[in-house]
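# Coordinates in review
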Amino acid sequence: MTNTRVLSLNNLSKRFGSVVANDAVSIELHRGEVLALLGENGAGKTTLMNMLFGHYLPDGGSIDVADESGDMRPLTLGHPQAALEAGIGMVHQHFTLAENLTVLDSILLGSESLLAWRHKRKAARAKVGRIMQRTGLTVGLDEQIGKLTVGERQRVEILKALYHDARILVLDEPTAVLTPQEADTLFENIGAMTKDGLSVIFISHKLREVLAFSHRISVLRHGKLVGEIATSDADERVIARMMVGADTPTTPREAMAPGAPVLALKTTTVKGDSARTSLHAVDLTIHAHEIVGIAGVSGNGQSALARLVSGLATPDSGELLISGKPIHRFTPPVMQKAGVGRIPEDRHHDGIIGAMSVAENLVIERLRDSDVQKYGFLQQNSIRSHAQDLCKDYDVRGPGIDADARLLSGGNIQKLILARVFECMPDLILANQPTRGLDMGAAAEVARRLLEARARGAGVLLISEDLDEVLALSDRIIVIHDGQLHEAHTNDREAIGLMMAGEQA
Amino acid sequence: MDILQILISDSFWAAALRIATPLIFGVLGALICEKSGVLNLGIEGIFAAGAMAGWMAVWLGAGLWGGLLVAALVGGFFGLIHAILTVPLGLSQHVSGLGVTMLATSVSYFTYRTALPQVSSPPKIVPFQPLDIPVLSDLPFVGPVLFQQTAMTWLALVMVALVWWVLNRTPLGLAIRAVGDNPDAVDAQGLSVYGLRIGAVVAGSALMALGGAFLTMSAFDSFFFGMVNGRGWICIALVIFASWRPGKALLGALLFGAFDAFQVRLQTEVGAFVPSQIFLMAPYVLSIFALVIVARRAEYPGALLKPWFKGQR
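Residues numbered from 1 in each chain as written. Chains lettered and ligands numbered in written order. Predicted model: local features only at pLDDT ≥ 70, side-chain atom pairs only at ≥ 80, totals over all residues. Heavy atoms only, no water.

### Section: the environment of Asp404(A)
Residue and element names in this part refer to chain A. You can see Asp 404 is positioned in the loop between helix H13 (380–393) and helix H14 (410–423). Between the alpha carbons of Asp 404 and Gly 354 there is a distance of 6.1 Å; along the sequence they are 50 residues apart. Those residues in contact with Asp 404 that sit more than four places away from it in its chain are Gly 354, Ala 355, Met 356 and Ser 357. (Helix = DSSP H or I, 4+ residues; strand = E, 2+ residues; numbered from the N terminus. Contact = heavy atoms within 4.5 Å.)

Below is the structure:
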């Protein structure tokens with residue numbers, strides 16, 4: 001690592017209404033360096049990077065970027081085009097790819113004059129080929145984006161930035177959607193790229209990868225830069241304390257004897273889009289007082305399993321029993337009545353109705369109850385007081401119970417869903433990626449609530465791509481691969497990782 | 001003359017291509033708009049405006065090609081209204097489009113009535129004449145079908161190739177396809193979402209207006225009320241039929257032209273037993289059936305109808 005500066009953010013500030021998203025944040029980046037930007041949700045990491053990339057205009061401060069000869073030059077703020085030209089590439093958390101284009105076209109987009117009467121596809125193909133060889137980021141150039149996996153799409157995004165000759169690459173939560181193996185590959189690739197002089201800033205929540213792959217760590221809290229530390233001097237406790245301002249409590253979990261079965265699948269088959277995303281004659285039993293973690297690479301039948309248990313899919317063969325009673329008609333209300341509580345994977349899309357208020361979202365699963373409606377009329381007073389109580393109990397913070405649910409942050413949306421589900425005291429809880437994208441505080445809260453439900457006597461079906469989470473919470477771990485379930489009789493990361501990749505332990 | 005004879009006659013195929021010509025312009029125009037993510041229901045009115053403006057320009061002394069230019073400019077103007085309402089302001093594309101249709105239709109009739117308050121029979125212009133290309137026009141079958149059409153039909157066919165090329169072979173077309181599927185992708189590359197969409201809607205509307213101008217400047221020689229007669233709406237359906245591909249759009253327009261030419265000829269055969277309305281209805285009914293079959297598999301541009309605002313993601 002050399003000591004030449006390539007980027008400096010000077011006292012950047014940004015306010016949204018009355019909320020201060022960034023307060024005079026200054027950060028420097030050096031050539032070939034990997035800087036991890038850490039902070040809880042809402043700490044202002046993404047806002048900061050969006051200012052760097054010109055999506056937002058800062059309220060104050062300036063940015064200097066080194067040009068090709070290494071001289072620092074001020075960046076025109078508020079223009080993505082200027083950032084691109086200065087050699088800054090950004091990979092957003094939500095990818096900005098058009099699904100109807102091919103990989104090559106996606107990379108070409110915006111790289112040529114709009115007035116050219118034809119593409120220089122051949123030259124582009126050669127250049128992308130060279131980049132792929134150098135970095136190890138490979139993906140079929142003629143594939144359609146819509147048919148790629150998430151990991152492949154991310155590679156396209158990085159290739160796109162490198163194709164535009166980015167010297168500084170910004171990755172916003174790059175591993176949030178990746179499997180552990182894909183994440184490791186990504187960081188290997190990043191390592192190769194930094195040897196060529198590329199500088200990288202990546203935003204993350206995951207302490208493990210930050211410690212393993214960054215050179216330096218900057219921590220944001222409430223929009224302020226609260227600390228910078230060389231990774232070699234850091235450990236998990238130090239960083240965690242910087243992020244939340246105090247030591248995080250580890251979730252205590254006591255041993256418990258499993259009770260009666262609450263969910264039983266008997267040679268159940270659910271056909272999905274492909275053989276890989278189906279469930280093939282699986283057996284699974286979850287008991288009361290038990291959390292069963294389903295570990296696996298995404299797209300191996302998890303969604304078929306989740307759809308089945310939430311009543312959105314009907315098994316093609318086999319049986320499903322809830323608390324010993326077989327289910328015949330598979331609809332969400334039937335499952336809900338049978339005692340299933342659902343925490344959906346895509347909480348923004350499937351978990352709430354964004355245009356309805358927080359209070360309404362809290363009663364949406366029990367519209368027949370008499371405290372919600374009488375003779376077909378909503379009982380506004382009881383709905384609102386009910387919402388007040390739940391928001392207090394579950395610490396749902398935001399602009400209030402009458403505000404649209406879409407205005408809540410991801411963590412608070414998840415707390416809203418927890419409140420709604422746990423209030424009904426379900427016997428079986430389907431928790432599908434319950435902490436994906438949440439910060440440590442919110443994730444710990446989810447874990448605490450799941451353990452609380454377990455103590456009360458519920459069974460939990462925990463589907464997660466975060467192996468650490470599965471390891472931390474589960475009484476039993478089951479690996480899902482190619483639509484088959486295999487019990488892992490071990491807590492060893494390595495062994496489970498191999499099973500997830502399809503190698504029988 | 002039985003059905004088979006109709007289908008192999010050169011006059012039938014020449015009529016099919018002639019009837020298809022305004023639809024080709026219209027469907028290409030609608031396709032460009034929708035590829036960029038904007039549905040343009042102003043098409044029916046822009047047809048009327050193009051028909052009126054082109055014809056009136058020629059009647060006032062402009063040349064035929066000058067008349068087409070005027071028609072395209074007028075179409076582009078109404079397209080700009082629609083684009084400003086729906087792209088930067090993000091209003092409902094349905095409501096704005098229907099509004100533009102009503103506005104453009106009414107303004108056309110109003111202009112016509114104001115300019116010609118007293119006429120009972122509309123004045124005529126000298127329209128585009130059938131081409132007369134030595135040798136080619138005299139070939140059997142292909143001569144009458146292809147080489148005795150007017151220059152506008154050829155312009156329409158050239159436009160099919162041109163639109164295909166621009167959309168699939170140029171950086172501009174790539175940007176238009178991308179902005180209609182995911183505007184964020186375009187924004188992230190520093191391109192202007194608004195600029196691309198407004199440009200596409202204006203260009204598409206100019207093409208639609210040429211379709212209208214064909215009616216008054218090639219198919220007929222004067223302007224009538226109600227002469228567009230739903231052709232714009234047919235184009236909207238044909239875009240879906242074509243799955244947003246220029247080549248298939250040509251095919252769809254020809255298919256509709258053939259239905260229409262066929263029903264006219266069939267009417268003279270069996271018109272004595274079947275009410276004529278059935279025949280008039282037939283092309284539309286068949287279009288609906290064709291649409292039902294094709295459209296179920298249609299892949300809509302991902303961001304069609306969805307407004308996009310800068311700085312919101």
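### A look at the domain arrangement of chain A
Residues and elements named next belong to chain A. By domain assignment, chain A separates into domain 1 (5–244), domain 2 (259–339 + 426–505) and domain 3 (354–424). Using C-alpha coordinates to define each centre, domain 2 is positioned 26 Å away from domain 3. The interface of domain 2 with domain 3 comprises 10 residues on the first partner and 10 residues on the second. Summing the contributions of domain 2 and of domain 3, the shared interface buries around 940 Å²; its carbon and sulfur component is 66%. When the area that domain 2 buries against domain 3 is broken down by residue, the three leading residues are Gln 336, Pro 426 and Arg 449, summing to 50%. Along the contact surface separating domain 2 from domain 3 lie 0 salt bridges. Summed over the shared surface of domain 2 and domain 3, the number is 3 residue pairs in polar contact (both at pLDDT 80 or more). (Domains from an automatic or database assignment. Buried area = accessible area lost by both parts, 1.4 Å probe. Salt bridge = Lys/Arg side-chain N within 4 Å of Asp/Glu carboxyl O. Polar contact = N/O pair within 3.5 Å; in protein donor to acceptor, adjacent residues only side chain to side chain.)

### So, the side chain of Arg197(B)
Residue and element names in this part refer to chain B. For Arg 197, the position within the fold is in helix H10 (residues 193–219). Here Arg 197 occupies a buried position and makes no salt bridge, while the nearest side chain of opposite charge, Asp 184, is found at 9.1 Å. Here Val 179 takes part through its backbone oxygen, which lies 3.0 Å from a polar atom of the side chain of Arg 197. In contact with Arg 197, other than residues within four places in its own chain, are Ser 36, Gly 37, Val 38, Val 87, Val 179, Gly 180, Pro 183, Ala 303, Lys 306 and Trp 308. (Buried < 20%, exposed > 50% of the residue type's maximum accessible area, 1.4 Å probe, protein only. Lys, Arg positive; Asp, Glu negative; His and termini not counted.)

### Describing the side chain of Gln433(A)
Inspection of the secondary structure puts Gln433(A) in the loop between strand S19 (428–432) and helix H15 (440–456). If sequence neighbours within four positions are ignored, Gln433(A) has contacts with Glu345(A), Arg347(A), Gln414(A), Ile463(A), Ser464(A) and Glu465(A).

### A closer look at the sheet that holds strand S16 (residues 340–343) of chain A
All names here are of chain A. Read from one edge of the open sheet, 6 strands run S16-S19-S20-S13-S21-S22, paired in mixed fashion. Of all the strands in the sheet, the pair left with one neighbour each is S16 and strand S22 (484–488). Strand after strand, the sheet turns through a mean of 20 degrees between neighbouring axes, direction not considered. As paired strands, strand S21 (residues 476–481) and S22 are joined by 5 bridges and run antiparallel to one another. Bridge assignment links His 481 to a residue of S22, and that residue is Gln 484. Sheet contacts for H14: S16 and S19; angle to S16, the most-contacted strand, approximately 175 degrees. (Pairing = 2+ DSSP bridges. Axes fitted to C-alpha atoms, helices over the stretch in contact; angles between N-to-C directions.)

### Observations concerning the packing of helix H4 (residues 64–86) of chain B against helix H5 (residues 93–115) of chain B
Residues and elements named next belong to chain B. Where H4 contacts H5, the axes come no closer than 10 Å and their chain directions differ by 155 degrees. For the element pair H4 / H5, the angle class is roughly antiparallel. Crossing of H4 over H5 shows right-handed handedness. Counted together, Phe 78, Ile 81, His 82, Leu 85 and Thr 86 of H4 and Gln 93, Ser 96, Gly 97, Val 100, Leu 103, Ala 104 and Val 107 of H5 form the full contact between these two elements. Taken together, the residues of the contact of H4 with H5 break down into 7 nonpolar, 5 polar and no charged. (Parallel < 35°, antiparallel > 145°, perpendicular 65-115°, else oblique. Left-handed = near helix turned anticlockwise from the far one by under 90°. Nonpolar A, V, L, I, M, F, W, Y, C, P; charged D, E, K, R; others polar.)

### Some thoughts on unusual backbone geometry
Residues and elements named next belong to chain A. Phi is positive for Asp 165, which is not a glycine, with a value near 60 degrees. We classify Asp 165 as partly exposed; its relative accessible area is 48%. In this model, Ala 281 sits at a positive phi of 40 degrees, which is unusual for a non-glycine residue. In this fold, Ala 281 is placed in strand S12 (residues 279–287). The exposure class of Ala 281 is partly exposed, given its relative accessible area of 43%.

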